[in-house]
Amino acid sequence: MFKALGHRGRMAIIHALARGPVCACELAKVAGCTPSTASRHLGVLRHAGLIADERRGQQIFYRLTCPCVLTFAECLDRVAAGERVATLESLESTSRHK
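Residues numbered from 1 in each chain as written. Predicted model: local features only at pLDDT ≥ 70, side-chain atom pairs only at ≥ 80, totals over all residues. Heavy atoms only, no water.

### Some points on the sheet that holds strand β3 (residues 59-64)
Reasoning step 1: Pairing within the open sheet is antiparallel, and its 3 strands lie in the order β1-β3-β2. Each end of this open sheet is capped by a strand with a single partner; those strands are β1 (22-23) and β2 (51-56).
Reasoning step 2: Two elements, β1 and β3, share 2 bridges in a ladder whose sense is antiparallel. For V22, the partnering residue across the bridge sits in β3 and is Y62. (Pairing = 2+ DSSP bridges. Helix = DSSP H or I, 4+ residues; strand = E, 2+ residues; numbered from the N terminus.)

In structure tokens, the structure reads:
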């Protein structure tokens, strides 16, 4: 799963799927890559169990199967942006004071 989330293009796909099912052709645009590269990214995400596909006529639509990954992805984005995030120690001390 970490490998699947370890690429900027795949993270863009995950964020795009947060709004609901999206066709494969749109996901290539979102990821900023060719359709064949997007197909490989989608395969990695599907193999990790994060997305599923559904054929609708000539198009294939993808959806998140594990929406909680968005919370994790948001945390990763915050760390990458240099934001200070709560440490385990600060969380434990906060819970002790309640």
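What follows picks up the thread again.
### Focus: the side chain of H41
Reasoning step 1: With respect to the helices, strands and loops of the structure, H41 is situated in helix α3 (residues 35-47).
Reasoning step 2: Excluding anything up to four places from it in sequence, H41 contacts H7, R10, I13 and C33. (Contact = heavy atoms within 4.5 Å.)

### Points about the pattern of salt bridges
Reasoning step 1: Applying the stated criterion across every chain, the model contains 3 salt bridges.
Reasoning step 2: Two residues, E26 and K29, come together in a salt bridge whose shortest N-O distance is 3.3 Å. Here K29 and E26 lie together in helix α2 (residues 24-31), a separation of 3 residues that amounts to about one turn.
Reasoning step 3: On the accessibility criterion, K29 (61% relative accessible area) is exposed. (Salt bridge = Lys/Arg side-chain N within 4 Å of Asp/Glu carboxyl O. Buried < 20%, exposed > 50% of the residue type's maximum accessible area, 1.4 Å probe, protein only.)

### A closer look at the nonpolar core
Reasoning step 1: Counting residues in hydrophobic clusters, the biggest one holds 18 residues, and the most contacted among them are I13, I14, L17, L27, L45, L50 and I51.
Reasoning step 2: Within the residue set of this core, elements represented by two or more residues are α1 (8-17), α2, α3, β3 and α4 (69-80).
Reasoning step 3: In contact with I51, other than residues within four places in its own chain, are I14, L17, L42, L45, R46, Y62, R63, L64 and T65. (Core = buried A, V, L, I, M, F, W, Y, C linked by side-chain atoms within 4.5 Å.)

### Here we look at the packing of aromatic side chains
Reasoning step 1: One pass over the structure, following the stated rule, counts 0 aromatic pairs.
Reasoning step 2: The lysine or arginine in question, R56, covers the ring of F61, its NZ or CZ lying 4.2 Å from the ring centre. (Phe/Tyr/Trp six-rings, centres within 6.5 Å; stacked < 30°, edge-to-face > 60°. Lys NZ or Arg CZ within 6 Å of the ring centre and 35° of its normal.)

### Notes on a nonpolar patch on the surface
Reasoning step 1: A cluster of nonpolar side chains, contributed by F2, F72 and L76, occupies part of the molecular surface with about 300 Å² of accessible area.
Reasoning step 2: With respect to the element layout, F2 can be found in the segment before α1.
Reasoning step 3: For F2, a relative accessible area of 65% corresponds to the exposed category. (Patch = residues over 30% accessible without salt bridge, like charges linked within 9 Å, V, L, I, M, F, W, Y side chains within 5 Å. Areas by Shrake-Rupley, 256 points an atom, 1.4 Å probe, with all protein chains shown as cover.)

### So, α4
Reasoning step 1: For α4, which comprises 12 residues, the first-to-last C-alpha distance of 16 Å matches the rise-based estimate of 16 Å (1.5 Å per residue) to within 8%.
Reasoning step 2: Two residues or fewer after α4 comes G82, characterised by a positive phi angle close to 85 degrees. (Expected span 1.5 Å × (residues − 1).)

### With respect to the pairing of β3
Reasoning step 1: Two elements, β2 and β3, share 6 bridges in a ladder whose sense is antiparallel. Looking across to β3, one finds that A52 is bridged to R63.
Reasoning step 2: From the end of β2 to the start of β3, which pair antiparallel, there are 2 residues, and G57 there has a positive phi angle of about 65 degrees.

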